[in-house]
Amino acid sequence: MTELATIISVAHIAAAIALLNGIFTTFGQSKIAVQAIDSIARQPEAANDIRSAMFVGLAMAETSGIYGLLIAIIMIFANPLVSTFVDLLS
Amino acid sequence: MLNVENLRVLNLWGLEIWITETVVNTWIIMAVLIALALVVRIRLRRFKKIPRGFQNAVEAVIETFDKFSSGTLGEKLSYISPWFFTVFVFILSSALFSTFGLRSPAADWTTTFAMAFASFFLMFFMGLRHRKGAYLRSYFEPSPIFFPLNLVGELAKPISLSFRLFGNMLSGTIILTLYYGLMPLYAQIGIPALLHAFFDIVFGAIQAYIFVIISLMYVRGAAT
């Protein structure tokens, strides 16, 4: 039973670590937004093109954050190690 | 709300078919969209040269999307833009679906993967149709040694496309479920409307736009 508790608690810590990539994702997205606002201020007539390019860039940069979220969800709700351990016990 | 509930299992000739919550919600959305399309079709039977009122609104929506997609795709490829309009409307309405307190179909990976795989198949088909052998040869560039790398890069496209939409929709679902589960009853009046507006409507619209524009860019990259 203690082993199972250890596995579950380590999985929760791993989920928290996987979510730490949000720091860098946010830095990257803020860089994209700053550049886009800068270039819109410099060339207001190109605002529409810049805005669509900015959204695509934001989506691309967000992918790593989403992957971290998925890893965290898998760690907590569908952890493969827990079922392996339960299989080992029985 | 976190798990996708399985409502019923059909047994067809030894083949198990699971009717989950996602399937039922997708049917509801399909019925609403089909009914809307029929209403628009019937109202537009008396087609006028100079649009007024209802016809004007419908034409404005379609023209905006057509301009957007032909600006991204180019005039030659813009004949596939109706498909992407359908995808856009479906993703947007499935995001808006969770404002009714029901589970959005896009918060299930099967839905988003099906849509991303359709985009991927369309990309492959358009590449073959417009560039024929040159498209297949592009997998072996700059040298045949790079074929496995190119293949992995292509196969990562539907996966990242589907996970992006799924993750965004699921995060909204999780946050709202946590809010409804943890907060006392008096805090559940009014405040969830703001959360719904942010996580379902704003994120849903942005993610539908991003899904469509990235699919369009893939198609254009394959076909020109």
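This report concerns the structure included in the present document. (Residues numbered from 1 in each chain as written. Chains lettered and ligands numbered in written order. Predicted model: local features only at pLDDT ≥ 70, side-chain atom pairs only at ≥ 80, totals over all residues. Heavy atoms only, no water.)

Describing the overall build of chain A
Note the threshold: For helices the rule is a DSSP run of H or I covering at least 4 residues; for strands it is a run of E covering at least 2, with both sets numbered from the N terminus onward. Think of it in three bands: with a 1.4 Å probe and only protein chains considered, a residue is buried below 20% of the maximum accessible area for its type, exposed above 50%, and partly exposed in between. Any two residues whose heavy atoms approach within 4.5 Å at even a single point are treated as in contact. Here the open area of atoms and residues is found with the Shrake-Rupley method and a 1.4 Å probe, where only the protein chains shown may cover a residue.
Helix and strand counts for chain A come out as four helices and zero strands. When the helices and strands of chain A are placed in sequence order, the string is α-α-α-α. With the C-alpha coordinates aligned to their principal axes, the bounding extent of chain A is approximately 70 × 15 × 10 Å. Relative to its 90 residues, chain A shows a buried fraction of 26%. The contacts of chain A with a sequence gap of at least 6 include a subset with a gap of at least 24, amounting to 79%. Carbon together with sulfur atoms contributes 73% to the accessible area of chain A, which is approximately 6,000 Å² in total.

Observations concerning the side chain of Asp200(B)
Residues and elements named next belong to chain B. Here is the rule: The charge count treats Lys and Arg as positive and Asp and Glu as negative. His and the chain ends do not count. Salt bridges are identified by distance alone: a Lys or Arg side-chain nitrogen within 4 Å of an Asp or Glu carboxyl oxygen. Polar contact criterion, stated in full: a pair of N or O atoms within 3.5 Å, where within protein one must be able to donate a hydrogen and the other to accept it, and residues adjacent in sequence count only if both atoms are side-chain atoms.
On the secondary structure map, aspartate 200 appears in helix 7 (residues 191–223). This buried residue, aspartate 200, is left without a salt bridge; arginine 103 holds the nearest opposite charge, at 11 Å. Among the polar contacts listed, one links the side chain of aspartate 200 to the side chain of histidine 196, at a separation of 2.7 Å. With residues up to four places along the chain from it excluded, the contact list for aspartate 200 reads Ala95, Ser98, Thr99, Leu176, Leu195 and Ala205.

What about the packing of helix 6 (residues 147–182) of chain B against helix 7 of chain B?
All names here are of chain B. Keep this limit in mind: Convention adopted: a line fitted to C-alpha atoms gives each axis, helices being fitted over their contacting stretch, and angles between N-to-C directions are expressed from 0 to 180 degrees. Should an angle fall under 35 degrees it is taken as roughly parallel, and over 145 as roughly antiparallel, whereas 65 to 115 is taken as roughly perpendicular and any remaining angle as oblique. Note on residue classes: Ala, Val, Leu, Ile, Met, Phe, Trp, Tyr, Cys and Pro are nonpolar, Asp, Glu, Lys and Arg are charged, and everything else, Gly too, is polar.
For the pair helix 6 and helix 7, the least separation of the axes is 11 Å and the interaxial angle reads 180°. When the interaxial angle is binned, helix 6 and helix 7 end up roughly antiparallel. Taken together, the residues that form the contact of helix 6 with helix 7 break down as 16 nonpolar, seven polar and three charged.

Some words on the interface of chain A and chain B
Often, the extent of an interface is quoted as the loss of accessible area on bringing the components together. Operational definition: Values labelled buried area give the accessible surface lost by two parts on being combined, using a 1.4 Å probe and summing over both.
On the chain B side, the residues contacting the 13 residues of chain A number 17 residues. Summed over both sides, the interface of chain A with chain B buries roughly 1,200 Å², with 79% coming from carbon and sulfur. Three residues stand out in chain A for area buried against chain B, namely Phe55(A), Val56(A) and Leu70(A), and they jointly supply 31% of the buried area on that side. The interface formed by chain A and chain B includes zero salt bridges. Our count for the chain A to chain B interface comes out at two residue pairs in polar contact (both at pLDDT 80 or more). Looking at the side of chain A that touches chain B residue by residue, the class counts come to ten nonpolar, two polar and one charged.

Comments concerning the pattern of salt bridges
Pairing of side chains with opposite charge becomes possible as their charged atoms draw close. A complete count under the given rule lists two salt bridges over all chains for this structure. Between Asp38(A) and Arg42(A) there is a salt bridge, with the nearest N and O atoms lying 3.5 Å from each other. Here Asp38(A) pairs with Arg42(A), and both are found in helix 2 (residues 22–42), just four residues apart, close to one helical turn. For Asp38(A), a relative accessible area of 38% gives the class partly exposed. The exposure class of Arg42(A) is exposed, given its relative accessible area of 66%. One salt bridge connects Lys157(B) with Glu154(B), and the closest N-O pair in it is separated by 3.3 Å. Of this pair, Lys157(B) and Glu154(B) both sit in helix 6, three residues apart, roughly one helical turn.

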